Each structure stands twice: as C-alpha cells, then as structure tokens.
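Descriptive structure summary
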Amino acid sequence: AQNPLANLLRGFLMRMDRHIGRMSAAEVEGARNALLVLVAGMIRAGRRHVGDHEFLQLFRRRLEEWIIGQLAGGPIRVADLAAAHSVSPRTVHRAFASTGDTVGAVIRMHRLAAARGDLVNTNLCIAAIAHRWGFCDASHFGREFRREFSLSPGDYREAHGCA
C-alpha cells in the first residue's frame with residue numbers, strides 16, 4: 001500500500017481487465033508495453049533494498065536455470081537469454097561476471113555434464129551424444145571433454161563400466 005508504483009500497477013490492471021475486450025491489437029500492445037515499464041520500475045525501485053551485486057547473483061541463478069531447461073533445444077544465444085528475461089544482453093553478461101563466469105563457460109559446463117551423464121547411462125554412440133548436447137561434431141566434443149575431464153569420452157565411458 002505504501003509503494004506508489006504498486007498502487008499504480010494495481011489500478012492499471014483493474015482498469016485493463018474492464019477494457020481489454022474492446023481494445024484493438026495496437027491498443028493491447030501499447031498497454032502491454034506500459035505494463036512492462038511499470039513492472040521494470042518496481043523491480044528497479046525494489047533493488048534499492050538489495051545491492052546490485054546480490055541482485056545480479058540471484059538473477060544469474062535464474063538465468064542458469066533457464067539455460068539448463070534449454071540445453072537440448074539447440075544453440076543458446078545471449079540474445080535469446082536476454083529476450084526470455086526482458087533484459088539487455090549486457091545485463092546477462094553482467095550477471096555471469098558477478099560470479100566470475102562467462103555465459104559460454106556455463107553453457108559449456110552444463111552441456112558437458114549432460115553428455116557425461118549420457119556416456120554413463122546410455123548406449124548412444126559418442127557422435128550421437130555430441131550432437132544431442134550441441135557440439136558440432138564428435139571431435140569437437142572430444143576436445144572439450146578431454147580439456148574438462150582429462151579423459152576422452154570413450155575412456156571415460158570405459159572407466160565407468162559402460163560398453
């Protein structure tokens with residue numbers, strides 16, 4: 001009740017509910033944009049209570065959860081990550097930098113972890129695993145895997161009892 005933007009947002013939503021049925025597509029789009037501006041203002045105002053560094057770390061966790069959910073869906077671009085969270089690509093980079101990481105390194109880490117699970121838990125060939133987790137080919141996957149785990153994918157599979 002003490003937050004002026006929250007009161008404005010509440011009133012806006014109540015009036016939208018009454019008028020949306022009579023609005024054109026362009027008017028709905030304008031109202032949606034106004035709603036986004038109000039919500040963004042509330043978020044920025046609320047961040048005064050949480051330091052920028054802490055906010056970025058919390059936001060980074062949300063971004064990483066989104067990445068994990070998208071791993072099997074093909075390439076993950078910073079622009080897609082930013083658009084999915086209604087922020088700029090720079091904000092995405094800042095969120096990962098707040099923990100000393102890069103977007104690419106985190107995506108690679110999760111892809112390798114998923115591929116490592118497939119090596120141990122499936123009989124898929126290494127090329128199929130590489131393709132499934134977004135590596136351009138088996139040799140690229142092998143180089144990345146060896147750099148991370150100091151074993152080739154085949155040696156890792158053999159060491160963990162998989163044929």
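Structure: see above.
Notes on the structure in this doc start here. All figures in this text were calculated on a predicted structure; none of them were measured in a lab.

In terms of nonpolar packing, the biggest core is built from 26 residues, with Ile-67, Val-92, Phe-96 and Phe-141 touching the most fellow members. A total of 7 residues in this core trace back to one element, the largest contributor, which is helix 6 (residues 103–121). Leaving out residues up to four positions away in the same chain, Ile-67 has contacts with Ile-76, Leu-81, Phe-96, Val-106 and Ile-107.

The next point concerns helix 3 (residues 52–70). Given a rise of 1.5 Å per residue, 19 residues ought to cover 27 Å, and the 27 Å separating the end C-alpha atoms of helix 3 matches this to within 8%. All of the buried residues along helix 3 are Leu-56, Phe-59, Arg-60, Leu-63, Glu-64 and Ile-67. Summarising the axial view, the buried residues of helix 3 lie within an arc of 155°, below the 170-degree limit, and thus occupy one face. Facing away from the buried side of helix 3, by more than 90 degrees, are the exposed residues Arg-62, Glu-65 and Gly-69.

Attention now moves to the state of the cysteines. Summed over the entire model, instances satisfying the criterion amount to 0 disulfides. In this model Cys-136 remains outside any disulfide bridge; the closest cysteine sulfur is found in Cys-125, 15 Å from its own. Given the relative accessible area of 63%, Cys-136 is considered exposed.

What counts, and where the lines are drawn
Residues numbered from 1 in each chain as written. Predicted model: local features only at pLDDT ≥ 70, side-chain atom pairs only at ≥ 80, totals over all residues. Heavy atoms only, no water. Core = buried A, V, L, I, M, F, W, Y, C linked by side-chain atoms within 4.5 Å. Buried < 20%, exposed > 50% of the residue type's maximum accessible area, 1.4 Å probe, protein only. Helix = DSSP H or I, 4+ residues; strand = E, 2+ residues; numbered from the N terminus. Contact = heavy atoms within 4.5 Å. Expected span 1.5 Å × (residues − 1). Arc of directions from axis to C-beta. Disulfide = S-S within 2.5 Å.

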